[in-house]
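Residue-level structure breakdown
Take a look at the letters that make up each chain.
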Amino acid sequence: MAEKSWNTFATAEPALAATVEARFGAHTHHVLATLRKDGSPRTSGLEVRFLDGELWLAMMPNSLKALDLRRDPRFALQANPGEGTGMGGGDVRISGRAIEVDDPQTKAGYAKEVEPPQPFHLFRTELTEVTRTYVEDDTYLVVQVWKPGEPLRTVKRT
């Protein structure tokens with residue numbers, strides 16, 4: 001089974017990883033999709049952090065999105081596209097599983113670096129897919145898809 005950490009992705013595809021991090025770094029709030037108890041989707045605003053080779057999701061205690069992830073760890077995360085329709089750097093999305101971290105030392109290290117409101121839920125992510133969609137030369141729609149253990153797949157459409 002292929003390793004699914006952010007670091008694994010960043011090592012395999014450093015240019016794409018840098019673009020994805022830049023897109024998430026361009027704005028503070030992004031959109032997280034989780035699954036409700038009845039299986040229907042829920043979208044919520046969220047701040048994300050890339051630290052120590054991991055993509056971290058932190059949430060207020062007992063927030064609905066945290067409860068969703070405790071019940072079913074699957075998520076999709078979309079970077080805030082920003083104002084207008086320019087989409088500089090493209091549209092980026094990450095899918096995976098969010099694993100709650102209860103280890104006090106790990107949470108303390110995160111809290112020291114990020115200073116989130118206390119208390120908080122902390123989730124480490126396991127990636128299942130990273131996708132970037134952008135327009136090239138005002139002609140092509142380009143879709144790049146990375147999955148753990150697979151080469152980067154690029155599709156161009158006119």
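Quantities reported herein were computed from a predicted structural model and do not represent experimental measurements. (Residues numbered from 1 in each chain as written. Predicted model: local features only at pLDDT ≥ 70, side-chain atom pairs only at ≥ 80, totals over all residues. Heavy atoms only, no water.)

**Considering the overall build of the protein chain**
Of regular secondary structure, the protein chain possesses 4 helices and 9 strands. For a compact globule of 158 residues, the expected C-alpha radius of gyration is about 15 Å, and the protein chain comes in at 16 Å, within 12% of that figure. Viewed in the frame of its principal axes, the protein chain has a C-alpha envelope of about 50 × 30 × 30 Å. With 158 residues in all, the protein chain has 39% of them scored as buried. Considering only intrachain contacts with a sequence separation of at least 6, the fraction spanning at least 24 residues in the protein chain is 55%. Accessible surface for the protein chain amounts to roughly 8,900 Å². Of this, 49% is attributable to carbon and sulfur atoms. In the protein chain, which carries 20 positive and 22 negative side-chain charges, the distance between the mean positions of the two groups comes to 6 Å. (Helix = DSSP H or I, 4+ residues; strand = E, 2+ residues; numbered from the N terminus. Rg over C-alpha atoms; globule rule 2.2 N^0.38 Å. Buried < 20%, exposed > 50% of the residue type's maximum accessible area, 1.4 Å probe, protein only. Contact = heavy atoms within 4.5 Å. Areas by Shrake-Rupley, 256 points an atom, 1.4 Å probe, with all protein chains shown as cover. Lys, Arg positive; Asp, Glu negative; His and termini not counted. Charge placed at Lys NZ, Arg CZ, Asp CG, Glu CD.)

**Points about the nonpolar core**
Looking at soluble globular proteins, one finds that nonpolar side chains tend to be buried together. Ranked by internal contacts, the top residues of the largest apolar core, which has 24 residues, are Leu57, Leu77 and Ile94. Secondary structure elements with two or more residues in this core: helix H1 (6–12), helix H2 (14–25), strand E4 (54–59), helix H3 (64–71), strand E5 (74–78), strand E6 (91–100) and strand E7 (121–136). Tallying contributions element by element places H2 first for this core, with 4 residues. Ranked by size, the runner-up nonpolar core spans 9 residues in total, among them Ala58, Val101, Val114 and Leu122. (Core = buried A, V, L, I, M, F, W, Y, C linked by side-chain atoms within 4.5 Å.)

**Observations concerning the side chain of threonine 131**
Its place among the elements puts threonine 131 in strand E7. Residue class for threonine 131 comes out buried when judged on its relative accessible area of 4%. At 3.2 Å, the side chain of threonine 131 forms a polar contact with the side chain of glutamate 129. When near neighbours in sequence (up to four residues on either side) are disregarded, threonine 131 contacts Asp91, Val92, Arg93, Val143, Gln144 and Val145. (Polar contact = N/O pair within 3.5 Å; in protein donor to acceptor, adjacent residues only side chain to side chain.)

**Structural notes on the packing of aromatic side chains**
Applying the stated criterion across every chain, the model contains 6 aromatic pairs. Between tryptophan 6 and phenylalanine 50, the aromatic rings sit 4.6 Å apart at their centres with planes inclined by 55 degrees, giving tilted as the arrangement. Placement of tryptophan 6 in helix H1 and of phenylalanine 50 in strand E3 (residues 48–51) is noted, with a sequence separation of 44 residues between them. Taking 4.9 Å as the distance between ring centres and 50 degrees as the angle between the ring planes, the aromatic pair formed by phenylalanine 9 and tryptophan 146 counts as tilted. Here phenylalanine 9 is found in helix H1, whereas its partner tryptophan 146 is found in strand E8 (residues 140–146), with 137 residues between them in sequence. An aromatic cluster is built from Trp6, Phe9, Phe24, Phe50 and Trp146, whose rings are joined through pairwise contacts. Taking NZ or CZ as reference, lysine 107 lies 4.8 Å from the ring centre of phenylalanine 120, over its face. (Phe/Tyr/Trp six-rings, centres within 6.5 Å; stacked < 30°, edge-to-face > 60°. Lys NZ or Arg CZ within 6 Å of the ring centre and 35° of its normal.)

**Things to note about the environment of phenylalanine 24**
Mapping phenylalanine 24 onto the fold places it in helix H2. On the basis of relative accessible area, phenylalanine 24 is assigned to the buried category, the value being 4%. Separated by 26 residues in the primary sequence, phenylalanine 24 and phenylalanine 50 place their C-alpha atoms 9.4 Å from one another. Ignoring any residue separated from it by four or fewer positions in sequence, one finds phenylalanine 24 in contact with His30, Val48, Phe50, Leu77, Gln78, Ala79, Val92 and Ile94.

**Topic: helix H4 (residues 104–114)**
Among the residues of H4, those classed as buried are Lys107, Tyr110, Ala111 and Val114. Buried residues in H4, looked at end-on, bunch into an arc of 100 degrees, giving them a common side. In H4, those exposed residues whose orientation departs by more than 90 degrees from the buried face are Gln105, Lys112 and Glu113. (Arc of directions from axis to C-beta.)

**Digging into H3**
When H3 is considered as a whole, its buried residues turn out to be Lys65, Ala66, Asp68 and Leu69. Projected onto a plane normal to the axis of H3, the buried residues spread over an arc of 160 degrees and lie on a single side. On its buried face, H3 is in contact with strand E1 (30–35), strand E2 (41–46), E4, E5, E6 and E7.

The values reported here are purely geometric and, on their own, carry no functional implication.
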